[in-house]
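Single-letter residue listing:
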Amino acid sequence: MMMLNMPRFRTAVLCLILPFVSVPLALGEEPASRNVRDLMGARRGEERKVVGLLTSKCAFCHGTAASKTEPDLPSDIGGRSNDGWILGDELVTWNDHDCHHQAFASLLNDQSKQMAKQLGIVDPQGNSLAHRDRRCLSCHSSMPVEQMALQGELVQEETSNNPLYTIGVSCEACHGPAGKRADGLEGWGSAHAKSFEQDDPKQWRTLSPQSKFDEFGYWDVHSPRSQARICLSCHVGNVEQQKIITHEMYAAGHPPLPSFELSQFVEQMGRHWQRLDEKNKVVRDDFLKRRQRLQPEGAAGEFDPSDLAVTKATMIAALVSLEESMQLTADLIDPSPASNQWPELANYACFACHHELQRDGWRKTRRLTTHPGRPTLHEWPFALSRAVTDTLDRERKDFSFDAEIRGVMTALNSRPFGSTEELKTAATTLARTAEARSRELNSLTIDRTRARDFLSNIASVGAAENVDYDSARQFVWAYERTNSQLAKTDRIDGTKRSPRPTAPTEWIGGGHDPGVLALNLWLPDNRLSIAPVHLGVGTKKSQFAVDLGKILKQSAAYDPEPVRDAFRKLRPLPSTDAAAPK
C-alpha cells in the first residue's frame, strides 16, 4: 500500500497558472453571488460535472487555424458555418500561445518535483506526487476540488492518464463545468452545441448571461467583475475553493505570484476572442437586435462605442483585486478546517522580511504605513484602486474608501501581524466596499474623458511616493493598456486581434523608459521551455518552468526612483482629444 509522506500543513495549492476567461463582449452582469464557487451550484446541491469538452465538442468549431470575419463570406469550420462571431482558431491560440494548456504538465517538471520533495509530497521511493495532490490540481487543472476522486489524501492514481486533469486549464475552468446537473438538468456544453446542430447558432449567443447561468450553468464571462473574480480565485487565492498558497510553498521554491492587471494579462496570455467593439458591425448589430427582441425591457443592454472596454476592465479589476485579497485575509483568519493557522506569512509583503541589506535602501527611506517591525499585507491590491477612486470621486465624493483602508492599517498596527478579530472585521468591511464600488463602476460609461483622468491619476499616484516592485509594475501595465486603447478608439470596427501575445511596448510616445522596462513587464519571458512529456497514450504536452533566478534577481535589483521619475514626466496629461497620448 502506498504511504504518503506529507507534513500536516493546511490545505493549499501550488497555483502558478491562473484561469483566464474568454470575454467576447461587455454587456450584462454576473449573478449576484460573490464567490465563483457559488456559480457551480455547490451550495445548493446543484453541482454540475466537468466533462472535458476540449477533447470532444469544442474543437469542432473552435479548432481551425483560420476563419473569416466578413459576415457575407462564411467559412467552413469543421462542417459548421461561421458568420464571423467567433474566430475559429480559439483552441489553436490556446494550444500554441497560452501556458494554461501546460498547467498539468508543469507539475511533472524538475522544479515541481524538487518542490514536492521539500514539502514531503512523495511516494515511499521518494518520487514526486505533485501531479496527484489536490492542492496543486485545484489550479493546475479544470477540476473543482469537490469533484476530484480521492485515494486517501491524493487524487486517484489514474489521474495522470485522465484527460479531465491532464488537459490542464481549459474551457471549463473559465466557462464553468459543462455537464448535467445531479437532477439531470441540461448542461451548457450540450445546450451550446445543440443550437448549432439545429442550425441556429445565434440562439445560444443571444441568451442573457443570467439565463445561461440559471438554465445551463454557464458562468458569466461577460462582465469584467466576474472575469476578474474567476482569474483571481487562483491568482490571489480562495479559501473556500481550497486554493491557498502558503509560505512553506514559497520556501520550497514556488514562484512568487505576480501582481495582477486583468487587461494586460489577457493580452499576454494570447487572447482567443474578439471584443464586441472589434466584431464586424453587421454581426454586432444583428446580435444586438436579437438580444433586444429576447429582452424587450432593456435588460439586454446597448452597445456604446464610447464606453472603452479595456480601460473599464482595468479599473474594475483593480477594485476586484482589492476585494478578493481582503476576502482572502478575512477567510484565512476565520477558524475553519480550510484555514486553521494565522498568520499565513504568504499573505504578507515578502520584502517585509526578505530585502537587501544595504544601509540606505529605498524601503528604509520611504513613508511607513505600519509600525516598524510589523509587516504589512501585499501592497499592490491597494495601489491601483487608489487611482480608480481618484478618477471617480470628482463626481461622487463618497466613492473613496480611505476610511476602510485606514481600518485595515489600524488593525495591522495594533500588534505584530495584526489583531486577528480587528483585522478580519476591517478586511471584510473593505472587501464589501470594494465590491459595491466595482458594481457601481460597472454601470458607468468610461469615455475618453474618464480614461484620460484615469491615466493622469495613475501618473499622480505613481509619482507621489516610492512603491514596491509589484505595485509599480501594476501601475505601468494599467497605464500602457489604457493609453493604448485611447490611441485606437478611432478604429472601432474590424480591429484585428493579434493571434500571438505581444509584449507591452507602447508606454508613452512609442518610447521605452529604461526604468520602467526593467520591471519585467513581459511575463512569458519568465518561462523556460522543457522537452515535452507523454501524458497517456499518444498524448504529448509541452513543459515549462519559471526562471526563478531571473525574476527574483529583477525584483531584488528594483529601484523605484526611475519609475517614479517616469510618472513625474507624464503629469499633467493633455485634456483634449487632439493632444491625447498616442
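None of the values given here were measured: they were computed from a predicted structure.

Points about the nonpolar core
Right, on to step 1. With 77 residues, the main nonpolar core has Met326, Val408, Ile458 and Phe567 as its most contacted residues.
Right, on to step 2. Ranked by residue count, the leading element in this core is helix α14 (residues 309-333), at 13 residues.
Right, on to step 3. Ignoring sequence-local partners within four residues, the contact set of Met326 consists of Leu377, Phe382, Val408, Ala427, Leu430 and Ala431.
Right, on to step 4. Formed by 27 residues, the second largest nonpolar core is a distinct cluster that contains Cys136, Leu154, Ala252 and Ala346.

Quick notes on the packing of aromatic side chains
Aromatic rings considered in pairs are described by the distance between their centres and by the relative angle of their planes.
Right, on to step 1. Here the structure, examined in full by the defined rule, presents 13 aromatic pairs.
Right, on to step 2. Judged by centre distance (5.4 Å) and plane angle (85 degrees), the ring pair of Trp204 and Tyr218 falls under edge-to-face. Remark: Tyr218 occurs in the loop between α9 (209-216) and α10 (224-235) and Trp204 occurs in helix α8 (residues 201-205); sequence separation between them is 14 residues.
Right, on to step 3. The interplanar angle of 80 degrees and the centroid separation of 6.1 Å between the aromatic rings of Phe475 and Phe567 together place this pair among those described as edge-to-face. Taken together, the residues Phe475 in helix α20 (residues 469-488) and Phe567 in helix α23 (residues 560-569) connect sequence positions 92 residues apart.

So, the state of the cysteines
A covalent bond between the sulfur atoms of two cysteines is what we call a disulfide.
Right, on to step 1. A complete count under the given rule lists one disulfide for this structure.
Right, on to step 2. Across a sulfur-sulfur distance of 1.9 Å, Cys139 and Cys234 are joined as a disulfide pair. Taking the torsion about the S-S bond as the criterion, the Cys139 to Cys234 disulfide, at about -115 degrees, is left-handed. Here Cys139, found in helix α4 (residues 134-140), pairs with Cys234, found in helix α10; they are 95 residues apart in sequence, far enough to count as distant.
Right, on to step 3. Judged by its relative accessible area of 1%, Cys139 is buried.
Right, on to step 4. There is no disulfide at Cys353, and the cysteine sulfur nearest it, in Cys350, is 9.0 Å away.

Brief notes about the packing of α10 against helix α18 (residues 420-442)
Right, on to step 1. For the pair α10 and α18, the least separation of the axes is 10 Å and the interaxial angle reads 140 degrees. Between α10 and α18, the interaxial angle falls into the category oblique. In this structure, α10 contributes Pro224, Arg225 and Arg229 to the contact, and α18 contributes Glu435, Ser438, Arg439 and Asn442.
Right, on to step 2. The residue makeup of the contact of α10 with α18, split by class, is one nonpolar, two polar and four charged.

Describing the packing of helix α16 (residues 380-392) against helix α19 (residues 448-464)
Angle between the axes and distance between the axes: these two values describe a pair of packed helices.
Right, on to step 1. With their axes 8 Å apart at the nearest point, α16 and α19 run at an angle of 135 degrees to one another. The orientation of α16 with respect to α19, classified from their angle, is oblique. In this structure, the crossing between α16 and α19 has a hand that is right-handed. Contact residues: Ala383, Leu384, Arg386, Ala387, Val388, Asp390, Thr391 and Leu392 in α16; Arg450, Asp453, Phe454, Asn457, Ile458 and Val461 in α19.
Right, on to step 2. Looking at the contact of α16 with α19, its residues break down into eight nonpolar, two polar and four charged.

Structural notes on the environment of Arg564
Right, on to step 1. Locating Arg564 in the fold gives a position in helix α23.
Right, on to step 2. Residues Arg564 and Val467, spaced 97 residues apart in sequence, show a C-alpha to C-alpha distance of 8.4 Å.
Right, on to step 3. Not counting residues up to four positions away in its chain, the partners in contact with Arg564 are Gly462, Ala463, Ala464, Glu465 and Asn466.
Right, on to step 4. Within the local environment of Arg564, its side chain forms a polar contact with the backbone oxygen of Ala463, the two atoms lying 2.9 Å apart.
Right, on to step 5. There is a polar contact of 2.8 Å between the side chain of Arg564 and the backbone oxygen of Ala464.

What counts and what doesn't
- Residues numbered from 1 in each chain as written.
- Predicted model: local features only at pLDDT ≥ 70, side-chain atom pairs only at ≥ 80, totals over all residues.
- Heavy atoms only, no water.
- Core = buried A, V, L, I, M, F, W, Y, C linked by side-chain atoms within 4.5 Å.
- Buried < 20%, exposed > 50% of the residue type's maximum accessible area, 1.4 Å probe, protein only.
- Helix = DSSP H or I, 4+ residues; strand = E, 2+ residues; numbered from the N terminus.
- Contact = heavy atoms within 4.5 Å.
- Phe/Tyr/Trp six-rings, centres within 6.5 Å; stacked < 30°, edge-to-face > 60°.
- Disulfide = S-S within 2.5 Å.
- Axes fitted to C-alpha atoms, helices over the stretch in contact; angles between N-to-C directions.
- Parallel < 35°, antiparallel > 145°, perpendicular 65-115°, else oblique.
- Nonpolar A, V, L, I, M, F, W, Y, C, P; charged D, E, K, R; others polar.
- Left-handed = near helix turned anticlockwise from the far one by under 90°.
- Polar contact = N/O pair within 3.5 Å; in protein donor to acceptor, adjacent residues only side chain to side chain.

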